[in-house]
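Close look at the chain arrangement
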Amino acid sequence: GFHQEILYIHTEVIELEVVSKVYPNPTTSLLIVEVEQNVTADLLVYDINGRLVLKDKLQDEQSKQLDFSFLKQGNYLLHINIADKQSVYKIQKIK
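Everything numeric here is computed off the predicted structure, so don't read it as measured data.

Description of the environment of Asn81
Among the secondary structure elements, Asn81 is positioned in strand β4 (residues 74-82). Linking Asn81 and Leu43, residues 38 residues apart in sequence, is a C-alpha distance of 6.6 Å. With residues near it in sequence (within four places) discarded, Asn81 still touches Thr40, Ala41, Asp42, Leu44 and Gln86. For Asn81, the side chain forms a polar contact with the side chain of Gln86, separated by 2.9 Å.

So, the environment of Glu36
Here Glu36 lies in strand β2 (residues 30-47). Along the primary structure Glu36 and Glu61 are separated by 25 residues, whereas in three dimensions their C-alpha atoms are 9.7 Å apart. Filtering out sequence-adjacent residues up to four positions away, Glu36 remains in contact with Glu17, Val18, Val19 and Gln62.

Structural notes on the pairing of strand β3 (residues 52-67)
Note: β2 against β3, 13 bridges, orientation antiparallel. Bridge pairing links Ala41 to Leu58 in β3. Between the antiparallel neighbours β2 and β3 lie four residues, among them Gly50 with a positive phi of about 85 degrees.

Re the nonpolar core
Leu66, Phe68, Leu78 and Ile80 are the most contacted members of the largest nonpolar core, which totals 19 residues. Of all the secondary structure elements, the ones that give two or more residues to this core are β2, β3 and β4. When residues no more than four places from it in sequence are discounted, the contact partners of Leu78 are Val22, Leu31, Val33, Leu43, Leu44, Val45, Leu66, Ser87, Val88, Tyr89 and Ile91.

Some remarks on the confidence of the model for the protein
With 84% of its residues at a pLDDT of at least 70, the protein reaches an overall mean of 88. Per-element averaging of pLDDT across the protein places strand β1 (residues 20-23) at the bottom with 90 and β3 at the top with 96.

Some words on the side chain of Asp47
Tracing the backbone shows Asp47 in strand β2. What makes Asp47 buried here is its relative accessible area of 12%. Of note is the side chain of Asp47, whose polar atom sits 2.9 Å from the backbone nitrogen of Asn49. Polar side-chain contacts of Asp47 include one of 2.9 Å to the backbone nitrogen of Arg51. Discounting chain neighbours no more than four positions away, the residues touching Asp47 are Val53, Asn75 and Tyr76.

Here is what the cut-offs are and how they apply
Residues numbered from 1 in each chain as written. Predicted model: local features only at pLDDT ≥ 70, side-chain atom pairs only at ≥ 80, totals over all residues. Heavy atoms only, no water. Helix = DSSP H or I, 4+ residues; strand = E, 2+ residues; numbered from the N terminus. Contact = heavy atoms within 4.5 Å. Polar contact = N/O pair within 3.5 Å; in protein donor to acceptor, adjacent residues only side chain to side chain. Pairing = 2+ DSSP bridges. Core = buried A, V, L, I, M, F, W, Y, C linked by side-chain atoms within 4.5 Å. Buried < 20%, exposed > 50% of the residue type's maximum accessible area, 1.4 Å probe, protein only. pLDDT = per-residue confidence, 0-100.

Right under this line is the structure:
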């Protein structure tokens with residue numbers, strides 16, 4: 001018979017030490033990103049095909065509103081990158 005090795009893929013994501021809140025989720029238009037202290041961070045939103053659809057920054061700030069109103073209904077991934085650490089949130093956009 002045909003034998004295939006089991007392939008293990010390991011991706012390491014170092015979780016942010018900064019506590020963050022992302023709401024409302026699901027969202028219809030605005031998504032609010034809040035962190036517990038002022039940080040400089042990249043906010044990147046990708047669609048399910050991995051395309052970057054929205055980019056913003058926290059610049060020594062604690063919160064930011066992201067405008068999802070122009071995006072199609074569906075699931076998106078929000079990456080919050082602070083220095084070399086990253087958190088990823090699955091965001092659902094509804095009508």
